[in-house]
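Listed below, chain by chain, are the residues.
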Amino acid sequence: MISSKPKIHGRYVHRTLRISTLALCVALLAPVSAAAAQDASAGAQSEGSDVIVVTAQRRSESLQTVPIAITAFTSGQLEAANIRGPADLEQATPGVIFGESGRDGQIFVRGIGSTRLSGAGADPSSSVYVDGVYRSRGTSALLDFVDLERVEVLRGPQGTLYGRNSTGGAVRYISEPPKENFGGKVVAGYGAYDALRLIAQVDVPVAPGLVAVRATFMHSERSGYTKNLLRRGETFGRQNLEAGRIAARITPSSNLTIDVHAGFSDDESDQTALKHYIDPLGPFGRAKIIADPRKVNSDYGPRMAPINSWYVDGTMTLDLGSMVLTSITGYNSIDVGPYTGDLDVTEIAGITDGRNGQPNGIADGGNTFSQEITLGSSGKGPFQWSTGLYYLHDDNYTLRQGLYVALIPVLAANHTTYNAFGKTSAYAGFANLSYFLTDHIRVNAGLRYSKETKRIDRARYLNFNLLVGPVRAKKGWDAWTPKIGIDYVIDANKMIYASYSRGFKSGAFNASSFDPAVNPENVDAFEAGVKLRFPEARLTLNSSAFVYSYRDLQVQGLDPNNLGVEIVRNAARARLKGGEVEMAWRPVDPLSINMGVAVLDAKYRDFPTLAGNLAGNRLPNAPKLTFNAGVAYTQALGTFGDLVLSGDYYHSSRRFLSETNNSFNAMQPAYDLLGARITLRPDSKRWELSFYGKNLTNTVVFSRTVTQTALLRTGFLAYIEPPRTYGAELKINF
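Parameters and conventions
- Residues numbered from 1 in each chain as written.
- Predicted model: local features only at pLDDT ≥ 70, side-chain atom pairs only at ≥ 80, totals over all residues.
- Heavy atoms only, no water.
- Salt bridge = Lys/Arg side-chain N within 4 Å of Asp/Glu carboxyl O.
- Helix = DSSP H or I, 4+ residues; strand = E, 2+ residues; numbered from the N terminus.
- Buried < 20%, exposed > 50% of the residue type's maximum accessible area, 1.4 Å probe, protein only.
- Patch = residues over 30% accessible without salt bridge, like charges linked within 9 Å, V, L, I, M, F, W, Y side chains within 5 Å.
- Areas by Shrake-Rupley, 256 points an atom, 1.4 Å probe, with all protein chains shown as cover.
- Lys, Arg positive; Asp, Glu negative; His and termini not counted.
- Charge placed at Lys NZ, Arg CZ, Asp CG, Glu CD.
- Phe/Tyr/Trp six-rings, centres within 6.5 Å; stacked < 30°, edge-to-face > 60°.
- Lys NZ or Arg CZ within 6 Å of the ring centre and 35° of its normal.
- Pairing = 2+ DSSP bridges.

What follows is about the pattern of salt bridges. Within this structure, the stated rule accounts for 30 salt bridges. Ionic pairing is found between D123 and K454, a salt bridge with its closest N-O pair at 2.5 Å. One end of the pair, D123, is in the loop between β5 (104-109) and β6 (127-130); the other, K454, is in strand β27 (residues 441-462), with 331 residues separating them in the sequence. Both residues of the pair, D123 and K454, count as buried. Residue E152 pairs with R150 through a salt bridge whose shortest N-O separation is 2.6 Å.

This is how it looks when you write it as structure tokens:
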């Protein structure tokens, strides 16, 4: 029999790690003295250089020399643009949409993503890596950007070097390593909705030249964006997050470096704010209709969904002279839920996650271990290569035991739930090489073999009594994912490239039914691009164009006629084509301008369903046009320091939120967002005072909508992104 309680105990283990991390941070900060403050600028981000070094191809190289469509941000750029999470990153990265559904992150790159596919037996379509370690759960897409050295967004299939579940692309988060000198920072911020954000970070050279340690702790809280009129003072969408991290860099010899990271996140926040747009003729027609999208009448309370996670990983880099050997070992654990709260968001006793006062709603999570070993060339010669082996084991669970439908007596009296426990084992081997045939022509080739096996145990319960199961299903898949390309390097600052690559995402099981596994996703991608840098004009201009043939898309959604039942199926075929242009320009020293534009035509070519063939419909979260622009101006204040004024603008054309393309209940209309930031800092850079504002026009944006004909009729539920926010932040460096 399958237990109704998960066998994975990361939630309890992580609390010890949290306390230890906090204690270490406090201990390390205690001895800070005025003398130590003299090193305030020791670890500051260097400014004035427009060359960004990335490791997207498993080696350090300039962004402008990599034949891949990449958008990269340094820590200084993230801070200056007030980018604190994936939702902010979307507004500065062409062709990428970051969404949130409840407590599940969704990444769409050039139209490829998973609208609901998560839980035991399923994976996202774009991969997330933190310090080289793959994060398998969708919640990993919701990372808070603290203590990062760099973010790299790779657009297009990354099937050769990154392998599994990167049909859309890959997002790589690289954390800030420990510094050789003692120093750190303290950040305190306060803003709208009583938002409080505290960060403490310190670098300690434990053994100079041998061991350096960096510790970071963050606390973030605020009240909710949505008011509950039925319960005075209650808000939905509250945040309460604590996270900590310890990093150590050990250099036992000149050719050996060992980086170790350990951390936790204790997130007791609500789910994304939810609004019910009521059909007056539907079952909820007697509920009070409230026009304001940020006000509701809820008889239950905030929709809770805690996320508790911890991780540990280590990277060993051994320089062998002409070669570099790298080993990356990672383990992470995450528990999400139980989800509790009012799903219909009305005063009517309708649908709830969990019973009122009982933490028995939907929950999922898992533990993931991965090991990668790579061997590659070093140096700057005409022939560059890398090869590697990869292994992953993932234990995961989904407990769908908390959907209560009081509105329909027969369903309330016959409570049907599912529990699912899954295991995934994945193996891969890969090789990648590039060679200059002449001074200007470079050829690139890569190949990866991937093999995966998934097993799932599923059981159905009626009123918490076992009804069917447990039923075990198991299936395996394998794939070869090649990449070939050719580059024409005009000179050190100009390059033209063209490539073909294949992306692979393994098959999936539906955790809430006994359906057989769906087929893997495959995408064949053809891409060409230009990378131009004009040092004299201080201008960088990159562009790319692509055509994808996308097969067997995995689509998960609610069954329109069966309440609470989710279905997973393969969409037959889709064609995606489009392009992006990015520009960074510093016409004069005080002024910098950044712009990006993406155009996309993403449509199903064949998608048979019970309601008819959806051929011609646009893919979800694939707007035809997005545009972003940012401007920053630095005004010198004599001998005092600088005043930095910056602003950003983002536009998106309308986008559909489901494959049905229903313009009434599954569409986000075109919208515009504005943001601004003012920063005052002295020449010593010992402190900074900033004032910021986001979504200054207070635009309502849907990240996802939920439709269910059997209960909502033509009404729908909408997950709504944050409203206008503003605040102030003080940073002190020491």
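What follows continues from the structure just given.
On the surface, R573, R575, K577, K603, R605, K624 and R654 cluster together into a patch of positive charge. Taken together, the elements giving at least two residues each to the positive patch come down to β32 (566-588) and β33 (591-606). No other element matches the three residues that β32 contributes to the positive patch. By the element assignment, K577 lies in strand β32.

On to the packing of aromatic side chains. Taken as a whole and judged by the stated rule, the model has 23 aromatic pairs. Ring-pair connections join several aromatic residues into one group, and the members of that group are Y277, F664, F702 and F716. In this arrangement the basic side chain of R84 is found over the ring face of Y692, its NZ or CZ atom lying 4.8 Å from the centre. Its end group placed over the ring of Y311, R135 keeps NZ or CZ at 4.8 Å from the ring centre.

Among the eight residues that make up strand β8 (residues 148-155), seven are buried, leaving the element largely enclosed by the rest of the structure. When strand β3 (residues 69-74) meets β8, the two strands line up antiparallel, connected through six bridges. Note that in β8 the partner of F73 across the bridge is V151. With seven bridges connecting them, β8 and strand β9 (residues 169-175) associate as antiparallel partners. Bridge pairing in β9 places L154 opposite A170.

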